[in-house]
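Residues per chain are reported as follows:
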Amino acid sequence: MMQELPDEHATRAFGARLAATCPLRGLVFLQGDLGAGKTTLVRAFLRALGHVGPVKSPTYTLVEPYEIGGRRILHFDLYRLADPEELEYLGVREDMDDATLNLVEWPSQGDGWLPVPDLVLSLSASGEGRRLELSSGTDAGREWVARILENPPENERLSG
């Protein structure tokens, strides 16, 4: 599924839409160059779920945990990871359990260690805005995409 996000408002709106359809647990990869809007999308997603505090990129901390409405969400940024094996030493495998929704920026840094994602959100520059490609890697991810497609907002044009 492709989605044009012409401005930051559209990116935030898609983050809210993603939150409105998300399961309690899962694994989401966010791909794109620096400045592509990955953290903006995560921030909108978390705010739509009810988070009211700051949402910062976990570039230096590797992970930022959130507890929202009885749900556990971990926001990872693997940009500074030198070797995927570092994830094992840091105890990340235990963090990525079945009761957690995991959002992972720069998942390629964890190649060979991270499991198959439910969703992959790939962001790229498109004029003044962004282009989002959404794909699924599991049955749970395909179900999530189906929920997104079932009720697209009137002001969004989807193709895919």
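Residues numbered from 1 in each chain as written. Predicted model: local features only at pLDDT ≥ 70, side-chain atom pairs only at ≥ 80, totals over all residues. Heavy atoms only, no water.

Q: Honestly, the pattern of salt bridges in this entry has me stumped. Any pointers?
A: A side chain with one charge can pair with a side chain of the opposite charge if their charged atoms come near. Under the criterion given, the structure shown has 3 salt bridges. Put simply, Glu4 and Arg131 hold a salt bridge, and the shortest N to O gap is 2.7 Å. In this pair, Glu4 is assigned in strand β1 (residues 2–5) and Arg131 in strand β7 (residues 129–136), connecting sequence segments 127 residues apart. Given a relative accessible area of 37%, Glu4 falls into the partly exposed group. Between Asp139 and Arg142 there is a salt bridge, with the nearest N and O atoms lying 2.8 Å from each other. Here the residue Asp139 and the residue Arg142 both occupy positions in helix α5 (residues 139–150), the gap between them amounting to 3 residues, near one helical turn. (Salt bridge = Lys/Arg side-chain N within 4 Å of Asp/Glu carboxyl O. Helix = DSSP H or I, 4+ residues; strand = E, 2+ residues; numbered from the N terminus. Buried < 20%, exposed > 50% of the residue type's maximum accessible area, 1.4 Å probe, protein only.)

Q: Is there a simple way to explain the packing of aromatic side chains in this structure?
A: Where two aromatic rings form a pair, the distance of their centres and the angle of their planes describe that pair. Counted under the stated rule, the structure contains 1 aromatic pair. On the numbers, 4.8 Å between centres and 55 degrees between planes, the contact of Tyr79 with Trp106 is tilted. With Tyr79 in the loop between β4 (71–77) and α3 (86–89) and Trp106 in the loop between β5 (100–105) and β6 (119–126), this residue pair connects regions lying 27 residues apart in the sequence. (Phe/Tyr/Trp six-rings, centres within 6.5 Å; stacked < 30°, edge-to-face > 60°.)

Q: Is there a simple way to think about the side chain of His51 in this case?
A: Of note, His51 is situated in the loop between α2 (38–49) and β3 (63–68). Given a relative accessible area of 18%, His51 falls into the buried group. Reaching out from His51, the side chain makes a polar contact with the backbone oxygen of Gly53 at a distance of 3.2 Å. In contact with His51, other than residues within four places in its own chain, are Leu46, Tyr66 and Ile68. (Polar contact = N/O pair within 3.5 Å; in protein donor to acceptor, adjacent residues only side chain to side chain. Contact = heavy atoms within 4.5 Å.)

Q: I tried to follow the nonpolar core on my own but got confused; where do I start?
A: Note that soluble globular proteins tend to have their nonpolar side chains buried in a common cluster. Within the largest apolar cluster, 28 residues are counted, with the highest numbers of intra-cluster contacts made by Phe14, Phe45 and Trp144. Those elements that place two or more of their residues in this core are α1 (8–21), β2 (26–31), α2, β3, β5, β6, β7 and α5. Each residue touching Phe45, except ones within four places of it in the same chain, is listed here: Gly15, Leu18, Ala19, Cys22, Leu101, Leu103 and Trp144. Judged by nonpolar contacts, the second largest core, of 15 residues, contains Leu27, Met96, Trp106 and Leu114. (Core = buried A, V, L, I, M, F, W, Y, C linked by side-chain atoms within 4.5 Å.)

Q: I'm lost on the packing of α1 against α5 in this one. Help?
A: The description of two helices packed together rests on the angle between their axes and the distance between the axes. Here α1 crosses α5 at 120 degrees, and the two axes come no closer than 9 Å. Classified by the angle between their axes, α1 and α5 sit oblique to one another. Crossing of α1 against α5: the hand is right-handed. For the pair α1 and α5, the contacting residues are Phe14, Arg17, Leu18 and Thr21 in the first and Trp144, Arg147, Ile148 and Leu149 in the second. (Axes fitted to C-alpha atoms, helices over the stretch in contact; angles between N-to-C directions. Parallel < 35°, antiparallel > 145°, perpendicular 65-115°, else oblique. Left-handed = near helix turned anticlockwise from the far one by under 90°.)

Q: Explain empty space enclosed by the protein to me, please; I cannot follow it from the model alone.
A: Over the atoms rolls a probe the size of a water molecule, and its path tells where empty space is left. Counted by the stated rule, this structure contains 1 cavity of 30 Å³ or more. Taken as a whole, the largest cavity holds about 50 Å³ of empty space. Along its surface, the largest cavity is lined by Leu18, Val28, Leu30, Leu41, Val42, Phe45, Leu103, Leu121 and Trp144. Among the elements of the structure, β2 and α2 are those that each provide at least two residues to the lining of the largest cavity. For the lining of the largest cavity, the leading source of residues is α2, giving 3 residues. Residue classes in the lining of the largest cavity are distributed as 9 nonpolar, no polar and no charged. (1 Å grid on protein atoms, 1.4 Å probe; cavity = no way out; pocket = protein on both sides within 12 Å on 5 of 7 lines; lining within 4 Å. Points joined across faces, edges and corners; volume = space filled by probe spheres on them. Nonpolar A, V, L, I, M, F, W, Y, C, P; charged D, E, K, R; others polar.)

Q: Which parts of the structure should I look at to understand the layout of surface pockets?
A: Of the voids in this model, the largest pocket is the one considered here, and its volume is about 210 Å³. Looking at the largest pocket, it is lined by 13 residues, and the ones nearest its centre are Met96, Asp97, Asp98, Asn102 and Pro115. At the level of elements, β2 and β5 are the ones that each hand at least two residues to the lining of the largest pocket.

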